[in-house]
Amino acid sequence: MSFFDSIPVPPSEPPQRPRRPAWARSDAVIPGSVPAELILARTEEAAIAVGSVRAYPNGFEFTVHVRLRREDETTALHADLFGWHRAGGMVPAGALRLGVMYADGRRAATIGGPALPADDPDRLILQQDGGGGNELSYHQDVWAHPLPPPGPVTLVVSWLQHGIPEARAELDGTAIGEAAQRAVTLWSDEPEPQSSTSWTTSTFTTGEPDQPDTV
C-alpha cells in the first residue's frame, strides 16, 4: 500500500441545495391561477398586454406581452427591453417602462435602482424572470413580492418611443390572494428561505409607500 492510499478519506457530505432569498419565487410550488387578460396600451403600431397571472404564497408572477406591427430599426425587442440592468434609473425617457402599485400605495418600476433593502421585508419588489421573442413579438415574465393587499393592483406602462403615454389597467389583488391559497407546495423539505439581509441584485427596483391615487 502506498503512503497516499493509507490516508483515510473523509466521508463526503450530500450536496445541499442553495437557500433561496425570502422574496424569491419558489420552484417547489405549483401556483394558483388568476384569470386575467389585460390590454394595457394599443396604437396603430404597438401593443402591450398582460396575462397568465400566477399566485404563490409569497408573491405573484405575470407575463407582459409586447407586439410591434412592423419591424422598427429604432427598437430592438431583446432581453433588456425594459432596461432592468441599467442601474441608477438611467433608462431613456422614451424607453418601455412598467410599474406596479398596490392598493396601500406601495410601488415599484422597471427603471433600474438600488439593491434589495435589508430592513423592510414588506417592500414591493419587481424581478425579471424568463422571456424571449423576435423583432415583432416579445414576452417577459415579471415576479412581484410580496402578495398584494385586497384591492386593485395597478399596472402602469409608457413607451414614448412608440407613441404610448402613461397608461394603466388593474388586476384584482383580492383574487390574487385567493389564488395564492390554492397554490400547492410540492416538497416540504425545500431549503429555508435565505434572509434578505445577505442578498443583493440589480434586476429590480423598489419604491416607498405613497398615496394610492398617483404613480
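Think of each chain on its own: its residues are numbered from 1, step by step along the sequence as written. Totals for whole chains, interfaces and linings use all residues, but because this is a predicted model, local features are given only for residues with pLDDT of at least 70 and pairs of side-chain atoms are given and counted only at 80 or more. As a rule here, side-chain values come from all non-hydrogen atoms in the structure, and water together with hydrogens is ignored.

Would you take a moment to explain the overall build of the protein for this structure?
Along the protein, the regular secondary structure elements total 1 helix and 11 strands. Pairs at least 24 apart in sequence give 68% of the contacts found in the protein among residues at least 6 apart. Exposure was quantified through the Shrake-Rupley algorithm and a 1.4 Å probe, taking into account, for residues, occlusion by the shown protein chains and nothing else. As presented, the protein carries roughly 11,700 Å² of accessible surface, and 54% of it is formed by carbon and sulfur atoms. Per the convention used, a helix needs a DSSP run of H or I reaching at least four residues, while a strand needs a run of E reaching at least two, with both numbered from the N terminus. Two residues form a contact once any of their heavy atoms are found within 4.5 Å.

What is the right way to look at the sheet that holds strand S8 (residues 137-145) in this model?
Within a sheet, adjacent strands bond to each other through the backbone by hydrogen bonds, running parallel or antiparallel. Note on pairing: DSSP must find at least two bridges between two strands before they are called paired. Strands sit in the order S2-S3-S4-S8-S7 across an open sheet of 5 strands; the sheet is antiparallel. Edge positions in the open sheet fall to strand S2 (32-42) and strand S7 (125-133), since each of these has one partner strand only. Going across the sheet, the axis of each strand differs from the next one's by a mean of 20 degrees, ignoring polarity. When strand S3 (residues 46-56) meets strand S4 (residues 59-68), the two strands line up antiparallel, connected through 9 bridges. When the sheet's bridge partners are listed, Gly51 is paired in S4 with Thr63. Axes here refer to lines fitted to C-alpha atoms; in helices the fit is confined to the stretch in contact. Angles between the N-to-C directions go from 0 to 180 degrees.

Honestly, the sheet that holds strand S5 (residues 97-101) in this entry has me stumped. Any pointers?
Sheet architecture is open: 4 strands sit in the order S6-S5-S9-S10, paired in antiparallel fashion. Edge positions in the open sheet fall to strand S6 (107-109) and strand S10 (164-172), since each of these has one partner strand only. Neighbour to neighbour, the strand axes of the sheet diverge by 15 degrees on average, direction disregarded. Pairing between S5 and S6: 3 bridges, direction antiparallel. If you follow Val100 over to S6, its bridge partner there is Ala108. Contacting strand S9 (152-159) and S10, helix H1 (residues 173-181) crosses the sheet at an angle of about 50 degrees to S10.

Quick question: what am I supposed to make of the nonpolar core here?
Within soluble globular proteins, side chains that are nonpolar tend to cluster in buried spots. One finds Phe60, Phe62, Val64, Leu155 and Leu171 to be the most contacted residues of the largest nonpolar core, which totals 38 residues. The set of elements that each furnish at least two residues to this core consists of S2, S3, S4, S5, S8, S9, S10 and H1. The residues contacting Val64, other than those within four sequence positions of it, are Ile48, Ala49, Val50, Phe82, Leu98, Tyr138, His139, Gln140 and Val142. Working definition of a nonpolar core: buried Ala, Val, Leu, Ile, Met, Phe, Trp, Tyr and Cys residues. They are joined through side-chain atoms within 4.5 Å. Whether a residue is buried, partly exposed or exposed follows from its accessible area with a 1.4 Å probe, protein chains only, as a fraction of its type maximum: under 20%, in between, or over 50%, in that order. Grouped together as the second largest cluster of nonpolar side chains are 7 residues, Trp23, Ala24, Val29 and Ile125 included.

Just distances and angles here, no functional claims.
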